[in-house]
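Next come the chains, spelled out residue by residue.
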Amino acid sequence: MRSVITIQARNSLRIAAKWRYRAPPGVRWSSSKGRKWSTPLAKQLSEAITATGPIPLASFMRMCLTSDVGGYYTSKQEGRDQFGQKGDFITSPEISQIFGELIGIWFVAEWMAQEKRRKGVELIEIGPGRGTLMDDMLRTIRNFKPMASSIEAVYLVEASPALREAQKQLLCGDAPMTETSIGYRSISKYANIPIIWTENIRFVPSDQDKTPFIVAHEFFDALPIHAFESIPAPPPPPAQTSTIETPTGSHPLTPSAAASRKAQKQPVGPQWREMVVSPTPPSPINTTTLKDSSEPPPEFHLTLSKHATPHSMYLPHLSSRYASVLKTSPPGSLIEISPESRAYASAIASLIGGSKDRPKLKPSGAALILDYGPADTIPINSLRGIREHKIVSPFSKPGLTDLSVDVDFVGLAEAATEGSEGVEVWGPVEQGSFLSEMGIKERAEMLLKALNDGKRGGDDEVKKRVLSAWERLVERGGGGMGRVYKVLAVLPETGGSRKPVGFGGDVGV
């Protein structure tokens, strides 16, 4: 959701690389006497870590964003809005209506290229925010009546009750919302299309006759990550003996225990260790605020696990790219892995192309993933906190700070193609290139002309906003989003014979 890498996050990882996790002598972390926590969630996190030990970064992120005790997206506070000028960040649909219009047109183009199916079309948005993008898409698609009439339902994958209510008000107005077996349901103000909410994409119907058109805009950057650091090869283990040392002396092992010890495989070569989160030890000096800063010091920090964890023994083996980093890079190298992102990419691909468990005779549909991150490398050092449009420590004020990471687009492509043999992946391409191919400049000129043709010749301030908005979406430098943001498409397998619009292709009719 945000595109700047926080200095605090970089420094946390670099510091963690220099010292291995151990409790400072004489320090016992406690959330009881003598320490005041910034939020109820911070206190809950500290108590959990005190009871169980340091937790994976993914667990920390998940609680900060979706905990029922003051989670950033799941809590409802009067007058609080995460999006827009008064919130913590602004997304592309909030910047210009043209963005959502062009996404809608992209799906119209895909519908045209896939035999213009007359029924069974599903529009699906994962992480729909306030509903602005879907509202612009539906308003655009209704102008293409054959496709609009083929839409069976709109599915919104949303876990936040507060955001679900905001989406309902925007998309459905006063229409009632009723509870269903998979979530909630209402009726869109556009053509009486059903709007159905569910908390997970796996609840979206995946029948043979369904054609899902899926969009995930700034969704994957909010999914939890595990962070790992490489360490050198451990020293060779001591020679195995048939005895065990105890406080009462040396004792012989039973034959089965001796055989088990001998059979144990010792790790060879460099290894991955997981970065874990723990409370910062209480300082003996006043730490109410950082010097020359209105921000309090972070209440949590990253350290490096001394031993292998279940995640460090499994997740880095999901892709050969991670093994390559471990083999070719020096100790202290970092990688970030999001298993939830890979699971969602696989689920998206399965809806379009089927899966081994639920094959689809004729793959159909398409997905657009729009987010930020490197085009062809593994993300590192990307955790950031955002509050009131400012970059802050991701470890301060849990629940009041949005957390964001860079998206691993290559990892998403791997997971999609592994999840379904019936799909192919295009991109990622830069957002600026994609929107330019989609005609963002021409659409902006149409809006400006309409303003000029108005009764008063147009409002200069409005025209200025239209111009600056579309330029910000495509600009590659400064504060522009055109280069940092990327676009990835998942389509039915064609053997690469048809390039989609926005990726070098034309509209198929």
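Our structure's up above, just so we're on the same page.
Residues numbered from 1 in each chain as written. Predicted model: local features only at pLDDT ≥ 70, side-chain atom pairs only at ≥ 80, totals over all residues. Heavy atoms only, no water.

Draft legend 1. Focus on the overall build of the protein. Within the protein one finds 16 helices and 19 strands. The proportion of buried residues among the 509 residues of the protein is 51%. In the protein, the proportion of contacts linking residues at least 24 apart, taken out of those at least 6 apart, comes to 76%. Split by element, the accessible area of the protein, about 24300 Å² in all, is 55% carbon and sulfur. (Helix = DSSP H or I, 4+ residues; strand = E, 2+ residues; numbered from the N terminus. Buried < 20%, exposed > 50% of the residue type's maximum accessible area, 1.4 Å probe, protein only. Contact = heavy atoms within 4.5 Å. Areas by Shrake-Rupley, 256 points an atom, 1.4 Å probe, with all protein chains shown as cover.)

Draft legend 2. Highlighting the packing of aromatic side chains. In this structure the tally under the stated criterion is ten aromatic pairs. Measuring from ring centre to ring centre gives 5.8 Å for Trp37 and Phe300, while their planes differ by 25°; the resulting arrangement is stacked. You can see Trp37 sitting in the loop between α1 (7–18) and α2 (40–52) and its partner Phe300 sitting in strand β12 (residues 300–304), a full 263 residues away along the chain. Given the relative accessible area of 10%, Trp37 is considered buried. On the basis of relative accessible area, Phe300 is assigned to the buried category, the value being 1%. Pairing Tyr72 with Tyr73 gives two aromatic rings, centres 4.9 Å apart and planes at 90°, and the pair type is edge-to-face. (Phe/Tyr/Trp six-rings, centres within 6.5 Å; stacked < 30°, edge-to-face > 60°.)

Draft legend 3. Local environment of the sheet that holds strand β19 (residues 485–492). Spatially, nine strands are ordered β4-β5-β6-β3-β2-β7-β14-β19-β18 in an open sheet, and the strand pairing comes out mixed. Among the strands making up the open sheet, the edge pair consists of β4 (178–179) and β18 (423–430). Of the pairings in the sheet, the one linking strand β14 (residues 366–372) to β19 comprises six bridges and is antiparallel in character. Paired with Ile369 across the bridge in β19 is Leu488. Along the sheet, helix α12 (residues 339–353) makes contact with β2 (121–126), β3 (151–157), β7 (211–217), β14, β18 and β19, crossing β7 at roughly 155°. Packing of helix α13 (residues 409–419) onto the sheet brings it into contact with β14, β18 and β19, and relative to β18 it is tilted by some 170°. (Pairing = 2+ DSSP bridges. Axes fitted to C-alpha atoms, helices over the stretch in contact; angles between N-to-C directions.)

Draft legend 4. Local environment of helix α5 (residues 97–113). With 17 residues, α5 should cover 24 Å at 1.5 Å per step; its first-to-last C-alpha distance of 25 Å lies within 8% of that length. Burial within α5 is extensive, with 13 of its 17 residues counted as buried. If you check the start of α5, you find a side-chain oxygen 3.1 Å away from the backbone N of Ile98, and it comes from Ser96. (Expected span 1.5 Å × (residues − 1). Polar contact = N/O pair within 3.5 Å; in protein donor to acceptor, adjacent residues only side chain to side chain.)

Draft legend 5. Just the packing of α2 against helix α3 (residues 57–66), in detail. Contact geometry of α2 with α3 gives a least axis separation of 11 Å together with a crossing angle of 150°. It follows from the interaxial angle that α2 and α3 lie roughly antiparallel. Handedness of the α2/α3 crossing: right-handed. Across from Leu41, Gln44 and Leu45 in α2, the residues of α3 making contact are Phe60, Met63 and Cys64. In terms of residue class, the contact of α2 with α3 is made up of five nonpolar, one polar and no charged. (Parallel < 35°, antiparallel > 145°, perpendicular 65-115°, else oblique. Left-handed = near helix turned anticlockwise from the far one by under 90°. Nonpolar A, V, L, I, M, F, W, Y, C, P; charged D, E, K, R; others polar.)

Limitation: the analysis is restricted to geometry and does not speak to function.
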